[in-house]
Amino acid sequence: MPMISRRTFAVLALAGTAAGMLSGGASAADKINVGIIPSLTSHSPSIIAEAKGYFAERDLEIEFVSFQSAQPMAVAIASGDVDFGMTAISGGLISLADKGVIKVIGGALQETPDIEGQKILVSKAAFDDGVKTPADLEGRSFGITSTGSSFHYMAHKIADGEGFPRSAISLKPLQKVPAVIASLQTGQIDAWSIVPSIAGNLTTGGDVIEIGNISDYIDNYQVTTIFTSTANTQEKPKLVERFLAGLSKGMADYNAALVDKSMSEDKTAEIVAAIHEYIYADQPLEKAGPRIRAGAMRMSPGAALNLASVEDQLEWFKSEGLVPDGVTMDKLVDPGFVETR
């Protein structure tokens, strides 16, 4: 589908050189807090943008705030403790959007036909017990962080695609990604779905087996989105523009270094080292580096947002009674900052 621009994103790229001329709620050297989840490489673009000075070019001083899952980050955005987040859409985020306090403003991680996407995994015990394909997940347990998480959504899309009731997958909320990983490795849960950077590492040990791809069940999935407070979109639009302009350069570097592999090895190594400051920081670089490089998925160029995918997710939340029926795309999304499709 053609790209439709409501607020030409190219203009935002000039924000750094025109920072002194900006007005409407943003001032030089604005200090902002950005949420990240240290166990997910999908948060790398904001780390790259900070390390390479793309935010500083736009007079933004960044402090990263760590979370273990998407939902607490949305709450922190609403409370004002965090200014910007970049995670999967959760029930909590949508409910806060319905209350008028949060807006999705852009797209981040996305499934694309040219790049390997999220994998469907099962424990070795489940595989040996006959779970060889996603169709065999009927009657099996599936790990999620929380009700209304992206993992919950993916589990139900697998059930829909295979034609068995959503209720036939037994969801196991485990709160944190590391807890889901441990439960899968030890056979306490049967299945999970996760980005290839994590999936690839899990399947190398023999305790976890890959049995399918999420792209077979969800078309052009907008895996993660960028969001901020409604107050920021209304009262500080120039601040939002400056943040997105810096972040989009971090996304471009991420794609060049780790997805398209068009960046030189020396520069790629610098990117990986910068990411490692926050992602897999509890491991030495020689161990974390290959994990950061492996299985990278594409970031939406220019933080473009796939509205069709977001709407599909919203309708799923409604169908499960996880959010109010009255939530609309207008309440959830402010499409005026980036290109949409």
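A few points on the structure. Computed from a predicted model, the values in this text were never measured in an experiment.

1. Details of the nonpolar core
Among the nonpolar cores identified, the biggest contains 105 residues, and Leu 137, Trp 192, Ile 194, Ile 198, Ile 226, Phe 243 and Leu 244 are the most heavily contacted of them. Counting residues per element, this core draws most heavily on helix 10 (residues 237-259), at eleven residues. If near-sequence neighbours (up to four positions away) are discounted, Phe 243 is found in contact with Ile 32, Val 34, Phe 55, Leu 60, Phe 84 and Ile 226.

2. Focus: unusual backbone geometry
Phi at Gln 175 takes a positive value of approximately 75°, unusual for a residue other than glycine. Here Gln 175 shows up in the loop between strand 8 (170-173) and helix 7 (177-185). Even without glycine at this site, Tyr 280 takes up a positive phi of about 55°. Looking at the element boundaries, Tyr 280 is found in the loop between helix 11 (265-276) and helix 12 (285-293).

3. Thoughts on the pairing of strand 4 (residues 84-87)
The side chains of a regular strand alternate, residue by residue, between the two faces of the sheet. Side chains of strand 4 alternate between two faces, with Phe 84 and Met 86 and Gly 85 and Thr 87 buried alike. For strand 4 and strand 11 (residues 225-229), the ladder comprises four bridges, and the chain directions are antiparallel. If you follow Phe 84 over to strand 11, its bridge partner there is Thr 228.

The rules behind each value
- Residues numbered from 1 in each chain as written.
- Predicted model: local features only at pLDDT ≥ 70, side-chain atom pairs only at ≥ 80, totals over all residues.
- Heavy atoms only, no water.
- Core = buried A, V, L, I, M, F, W, Y, C linked by side-chain atoms within 4.5 Å.
- Buried < 20%, exposed > 50% of the residue type's maximum accessible area, 1.4 Å probe, protein only.
- Helix = DSSP H or I, 4+ residues; strand = E, 2+ residues; numbered from the N terminus.
- Contact = heavy atoms within 4.5 Å.
- Pairing = 2+ DSSP bridges.

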